[in-house]
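Fold and geometry: a report
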Number of protein chains: 2
Amino acid sequence: MSESSLLKAFRERAPGHPWVSIGPGHDAAVIEWKADNDAAFKIDSVVEGVHFVLNGEGAAAPEQVGWKAVARAMSDIAAVGFEPVAVAAAVAIRSDITEDFALRMFDGLADCCRRFGCAVAGGDISATGGPVTVAVSAVGRGPRGGAFLRKGATPGDALFVTGELGGSLAGRHLSFVPRIAEARRLRSLGVVRAMTDISDGLAADLRHICDESGVGAVVEEAALPVSADAYAQALRGKRPVMECVLGDGEDYELLFAVSGRDAAKLTKEWDMPVRLTRIGWFVAREKGILLCRPDGTVTPMPTVGYEHLRRSDMGDRRK
Amino acid sequence: MSESSLLKAFRERAPGHPWVSIGPGHDAAVIEWKADNDAAFKIDSVVEGVHFVLNGEGAAAPEQVGWKAVARAMSDIAAVGFEPVAVAAAVAIRSDITEDFALRMFDGLADCCRRFGCAVAGGDISATGGPVTVAVSAVGRGPRGGAFLRKGATPGDALFVTGELGGSLAGRHLSFVPRIAEARRLRSLGVVRAMTDISDGLAADLRHICDESGVGAVVEEAALPVSADAYAQALRGKRPVMECVLGDGEDYELLFAVSGRDAAKLTKEWDMPVRLTRIGWFVAREKGILLCRPDGTVTPMPTVGYEHLRRSDMGDRRK
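Residues numbered from 1 in each chain as written. Chains lettered and ligands numbered in written order. Predicted model: local features only at pLDDT ≥ 70, side-chain atom pairs only at ≥ 80, totals over all residues. Heavy atoms only, no water.

**With respect to unusual backbone geometry**
A negative phi angle is the norm for most residues apart from glycine, just as the trans form is the norm for most peptide bonds. Phi is positive for A:Lys238, close to 50°, though the residue is something other than glycine. Residues other than glycine seldom take positive phi values, yet B:Tyr252 does so here, at roughly 55°. Considering the arrangement of structural elements, one finds B:Tyr252 in the loop between α7 (241-247) and β10 (254-258). A relative accessible area of 2% places B:Tyr252 in the buried class. (Helix = DSSP H or I, 4+ residues; strand = E, 2+ residues; numbered from the N terminus. Buried < 20%, exposed > 50% of the residue type's maximum accessible area, 1.4 Å probe, protein only.)

This is the structure:
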């Protein structure tokens, strides 16, 4: 049973509503709210042992669990280029979790909301015998028909990414800043044709854009912005650094398409502290998704990336 | 560590947003969306061993788990008198859960949405070592400033309840129909002053209305609509039937206040198949919350009801 086949079955069963213009299978759903604006709507969860551990090496502080739970949902709101308005959280805790732990987790959750001027509008708490789980639902608002989707890239478009990639398990996956401000700036520049956030890894998330847009892509390996953590993780895991950059996931950076004409404008006008890198371009679908090595050879993009139901716990991801 | 103290701490930490007119601590949050309408926003979850069991007596079918998860969130949208538009679900499953189980759970989830013309707008699936958990977030739409809240009841108002109470664990808790249609009818009649849905039991949820409205109440025991299940559960558990009616919870009926003048009108004009009963009236806060026995004696309302973190599993609820 794979996550993607289950999600596909879930989508096939999902009824629609006249106002829901974008349903399951995107970074966030879009609800046509009124003549001049839409709502983005997303649910996401973090699970102990899958998205964080509480003991041993790399253990998350309670505040980090709350922060990450909200930041992941916010990252999806950013991916469609909307502004977060409110979140609600459903928390499941084990009986041995202390009140202090729970309160510190709430603090992290609230801190992330506060940073982006977003409300915590509701919550639910259950005691379970299982892992600590925090499901967060987020509502955002944006212009009518203006959500950035995974579809919309065309051959010839340039491929950009924010920030630096790889090695997020070294710690960044617990403290990353969702790219709300960067998505806002991109909207104001009016250049985005298709966008997603990188949660499963560059290779897997680029494939989502290509599949939805019906295009192929070429990524220039030499152009990829490699995080310092990626080098450290590669050294430690005795893995090629590019495997970390392309497949580690949990980068929560924005990956997007810009027309060839707008690409130069974007590079010139980008004025945010977060790095912005042009890493390739889109091509016809038949060409597939390709990786151009520094030596000039071209290979199919490796199929690396994270699928939750294939790994039993986070320990596997560290090997 | 009690659920209510944790929820209180959660609320104290919750940042606000200028558009969020009603935050945590209500049946659903309310977001001021545009000049003429508001959004209701709710997250709620069902947890194996707390809200359903999968083995032994009273085991839920997979479809029932999905149905209940959505129906609980819908009940909260009904409680504020809004129309459901979309839900999103975060599902956590154990590794021994089969694909067939998951698909049947999705079917139940989708069926409940379809029944109320509501979309499934998103989903998230995680594999965990713990209990099956389904968190559902719902978005509803209603008139600007028109959400029914727990506050708004005044002394002299009549207290009404839909349906019949008690004994839902006999099976109704897995298959109940959220009172969306009844809430819509009540809105069209224009009579509701304060409303909630009964999830923790009549005694506990009436207390919520009284606390928020700053009033007391008198409930006439003889008027209470007793479900057939309540008699069965009372017999089985060797408990007084009134304990089942007042404290069992999971009735998911609407409990609401109507002015004395409108009470007669409502009784006369009520044309829905679901029973509607006037069960008491609101009084000054100083009088407290009272139960008027059939023999004419008056006692304080017993403090029965369900608090999730106080019970280790559902088995406790059956005793």
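**Topic: the environment of B:Val85**
Inspection of the secondary structure assignment puts B:Val85 in strand β4 (residues 83-94). Judged by its relative accessible area of 1%, B:Val85 falls in the buried class.

**Considerations on the confidence of the model for chain A**
Segments scoring low in pLDDT should not have their predicted coordinates read at a detailed level. Residues and elements named next belong to chain A. Mean pLDDT for chain A: 88, with 89% of residues reaching 70 or above. Segment residues 307-319 is flagged for pLDDT under 50; beyond a separation of four residues in sequence, or across chains, it makes 38 contacts in the model. Across the predicted assembly, pTM comes out at 0.88 and ipTM at 0.85. (pLDDT = per-residue confidence, 0-100. Contact = heavy atoms within 4.5 Å.)

**Observations concerning the environment of A:Ala92**
All names here are of chain A. Position of Ala-92 among the secondary structure elements: in strand β4 (residues 83-94). In the structure, Ala-92 is positioned 28 residues away from Val-120 in sequence and 17 Å away in space, judged by C-alpha atoms. Discounting residues that sit within four places of it in the chain, Ala-92 has contacts with Ser-126, Thr-128, Pro-131, Val-132 and Thr-133.

**Examining the pattern of salt bridges**
Under the definition given, this model contains 42 salt bridges over all chains. A salt bridge links A:Arg239 to A:Glu243; the shortest N-O distance between them is 3.5 Å. One salt bridge connects B:Arg104 with B:Glu63, and the closest N-O pair in it is separated by 2.8 Å. Linking B:Arg104 in helix α3 (residues 99-115) with B:Glu63 in helix α2 (residues 62-79), this pair joins segments that are 41 residues apart in sequence. Looking at B:Arg104, the relative accessible area reads 30%, which means it is partly exposed. By sharing partners, the salt bridges in this structure join A:Asp44, A:Lys68, A:Arg72 and A:Glu250 into a single network. (Salt bridge = Lys/Arg side-chain N within 4 Å of Asp/Glu carboxyl O.)

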